[in-house]
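# Coordinate analysis (summary)
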Amino acid sequence: MRRLKHSGIYWCLNCNVPLLDSECEICRVKGEFVPLSRPVDPKPAFRFDLNLLHQTISQEFGVDAANFLLKNVEVAVFNRVPYLDKGYEVLVDGRILGHLFFDFPRLYWRFKPLREGCSRLWVKKLGFWVVVNNGFVIKNQILGELDFVAKNLPEREGEYVFLVSKKDEVLGVGELTDKGKVYVLRVWKPEQPRFLNFKASWNQVVKANFSKLKTDISKACKFVGDISSRLKLPVFVSYSGGKDSLTTLYLTVKASCKTKILFNDTGLELPETLENADWVASKFGVEILKVKAEEAFWIHLKDFGPPTRENRWCSKVCKLKPTAKFLDEKIGENKILCFVGQRKTESFRRAGSRKIWVNKFLPKIVASSPINDWSMLQVWLCLMMERLDGYVNKLYFEGFDRIGCFMCPSMEMADLLVVKKRYPILWERWEKELENWILNKNLPRQWIDYGLWRWKNPPKRILDKIGG
Ligand SMILES: [Zn+2]
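Model, not experiment: these values are computed from the prediction.

Attention now moves to the packing of aromatic side chains. What the rule picks out here adds up to 21 aromatic pairs. On the numbers, 4.9 Å between centres and 85° between planes, the contact of Phe46 with Phe397 is edge-to-face. Within this pair, whereas Phe46 is found in the loop between strand 4 (43–44) and helix 2 (47–61), its partner Phe397 is found in the loop between helix 12 (376–385) and helix 13 (413–422), the two being separated by 351 residues in sequence. Residue Phe46 is classed as buried on the basis of its relative accessible area of 12%.

What follows is the structure in C-alpha cells.
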C-alpha cells in the first residue's frame, strides 16, 4: 500500500504549482496529493504541448470548450499513460483534466475528458452529453434512447459523451457507438469542478521547490566529486543531446570535475541534436570527442532488416562497436569513468538502484548516473532554475519527449509521423528501405503505414485494431 500511496505528485492549491515534495516552499502549506498512472514521470507541458492540447480539444468539442477547459492554464503537467500509441494524463489546477492521446489506428491526436474535464464542460454545457434517467451508470453499460432525459450527441461514432444525472452530477464518460447508443467507458464519484482561477508560472514552480532542488543538486555534485576522486580515472560525460545528459554534464562541471564529452553519433541523429552537442560543448568550454558510426546502420540494414523492439541490432552496430573501437584507439588499456544521464522512473526507483556499474559490453567504461533518482519534472526544474533552458535541445519544445535516432523502433507513431513531416529527405531514405524490405518479404503496405516494422511480432492489440 505504501508504494501505491507514492504513485503521484503533490500540487499546491494556494500557488497552483506542482511540488517535488509534499510541502510548498512559497506558502509552506502541504500540497494536495494527485494520484497518477505508473510509471509516474511527469513533464512540464511546454507551449507546443499546450497548443497541441488546445487544438485537439477544439477539434473534438469546439474552440469554446478548449478556451474554457484551459482558462488561466499556464502551468500544466503531462504524465505518460499506456495507450496503443502515445498518451498523456493532463494535469491542471491539481486535477486530471483528461487524456491527450494519439489515436491508433486513426493516427491523429484526440482528447478524452475525465472527471474534471467533463465536470468543467457541463458548467457551460459544452461538448457532448446526455442526462440519464437513472441516478447511476455502470462501466461497460450500453445506454440507449430510453435512458436519456436530455441529450446533445455527436454525429460521428467514437466521439466522447459525458453522462449527467438529473441532479446535475457528472457521473462518467462514454463514447457514441455505430448504432447511436452510448457505451460507458468510465464512471466515478461526482465532484465539483475546480478552477483555481489564477495563473502560475514556471518561475513560481521553481520557487516552490527551490531548496529541494538546491539540496539535490549539491548532493549530486558531491556524489560526482566523491566518485571521481575515489576512482581516479579519466572522466567523461556521455552526451546524447538530451535533457538528462545535459543535466549530468552540468552537475559534473559544477562539481569542478575535469571532464570531456563523449558523443556517440549513430549516423541517425537529427540535425538539431548534432548542432546541440557542439553548441553545448563550446558553451561549457569542454572538449567533445565524437564516436561516429557513419554509414554502419545503412550497410547492415540490407542484411538484418529494420531493427525491432525485440532485436535492436542497431545498438550494437551504431553504439557499442564504434565505442569499443574508439576506446581501444584512444584510451588503450585504461578504463574511464563515464557519467551518464540515466534515470530510473518511479516504479523502478525503489528496486535498489546501482549507482556505479561496469558496462557489460564495454568493460573499459565504469558508468555512473548522478541523477538516477530524479524524476523528469525534477530534471526540467533544475534546468530552468540554473538558466540552462537555452542549452536544451530545441526538439523538446516541439513535441519530442526523447532525443535519439530519428527512426528508433521504440518510438510511437505520433513521433515517427512528426519526423516524417519535419525531415522529408531523411524519412524518404528510410521509407525506401522499408519499401524494398516489404517487397522482398511480401509484406503488406500496412507494415509501413502503421509502423509494424517496429516489432518482430506486432502485439495482438495492435493487429486487431488494423484488422491485420
Ligand atoms: Zn504554495
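From this point, things continue past the structure.
Six octahedral donors around a metal ideally make angles of 90 or 180 degrees; four tetrahedral donors ideally make 109.5 degrees. Donor atoms from the polypeptide that bind the zinc ion are Cys12 (SG), Cys15 (SG), Cys24 (SG) and Cys27 (SG), placed at 2.3 to 2.4 Å. Metal-centred angles of 98 to 114° between the four donor atoms at the zinc ion mark the site as tetrahedral. When the donor residues of the zinc ion are listed from N- to C-terminus, their spacing reads C-x2-C-x8-C-x2-C. Here Cys15, found in the loop between strand 1 (8–12) and strand 2 (17–19), pairs with Cys27, found in the loop between strand 2 and strand 3 (32–35); they are twelve residues apart in sequence, far enough to count as distant.

This paragraph deals with the packing of helix 9 (residues 296–304) against helix 10 (residues 313–330). Put simply, helix 9 and helix 10 touch, their axes get as near as 10 Å, and they point 155° apart. Judged by the inter-axis angle, helix 9 sits roughly antiparallel to helix 10. The handedness of the crossing between helix 9 and helix 10 is right-handed. Across the interface between the two elements, Ala296, Phe297, His300, Leu301 and Phe304 from helix 9 touch Trp313, Cys314, Val317 and Cys318 from helix 10.

Between its first and last C-alpha atoms helix 6 (residues 210–231) spans 32 Å; for 22 residues at 1.5 Å apiece the expected length is 32 Å, and the two agree. Within helix 6 the residues assigned to the buried category are Leu213, Asp216, Ile217, Ala220, Cys221, Phe223, Val224, Ile227 and Ser228. Angular distribution of buried residues about the axis of helix 6 spans 155°; they occupy a single face of the element. Facing away from the buried side of helix 6, by more than 90 degrees, are the exposed residues Lys219, Lys222 and Arg230.

Charged atoms that come close allow side chains of opposite charge to pair. Using the criterion set out here, one finds 42 salt bridges in the structure. When the shortest N-O distance is used, the salt bridge between Asp41 and Arg343 registers 3.0 Å. You can see Asp41 sitting in the loop between strand 3 and strand 4 and its partner Arg343 sitting in the loop between strand 18 (336–339) and helix 11 (346–349), a full 302 residues away along the chain. In this structure, Asp41 and Arg343 share a single accessibility class: buried. Arg80 serves as the salt-bridge partner of Glu412, at 3.1 Å between the closest nitrogen and oxygen. Here Glu412 is found in the loop between helix 12 and helix 13, whereas its partner Arg80 is found in strand 5 (residues 77–80), with 332 residues between them in sequence. For Arg80, a relative accessible area of 30% corresponds to the partly exposed category. When salt bridges that share partners are traced, they join Lys43, Asp49, Arg80, Lys86, Asp401, Glu412 and Asp415 into one network.

Analysis parameters
Residues numbered from 1 in each chain as written. Predicted model: local features only at pLDDT ≥ 70, side-chain atom pairs only at ≥ 80, totals over all residues. Heavy atoms only, no water. Phe/Tyr/Trp six-rings, centres within 6.5 Å; stacked < 30°, edge-to-face > 60°. Helix = DSSP H or I, 4+ residues; strand = E, 2+ residues; numbered from the N terminus. Buried < 20%, exposed > 50% of the residue type's maximum accessible area, 1.4 Å probe, protein only. Donors = N, O, S within 2.8 Å, 3.2 Å for Na, K, Ca; no water. Tetrahedral: all angles 85-135°; square planar, octahedral: opposite > 155°, others 65-115°. Axes fitted to C-alpha atoms, helices over the stretch in contact; angles between N-to-C directions. Parallel < 35°, antiparallel > 145°, perpendicular 65-115°, else oblique. Left-handed = near helix turned anticlockwise from the far one by under 90°. Contact = heavy atoms within 4.5 Å. Expected span 1.5 Å × (residues − 1). Arc of directions from axis to C-beta. Salt bridge = Lys/Arg side-chain N within 4 Å of Asp/Glu carboxyl O.

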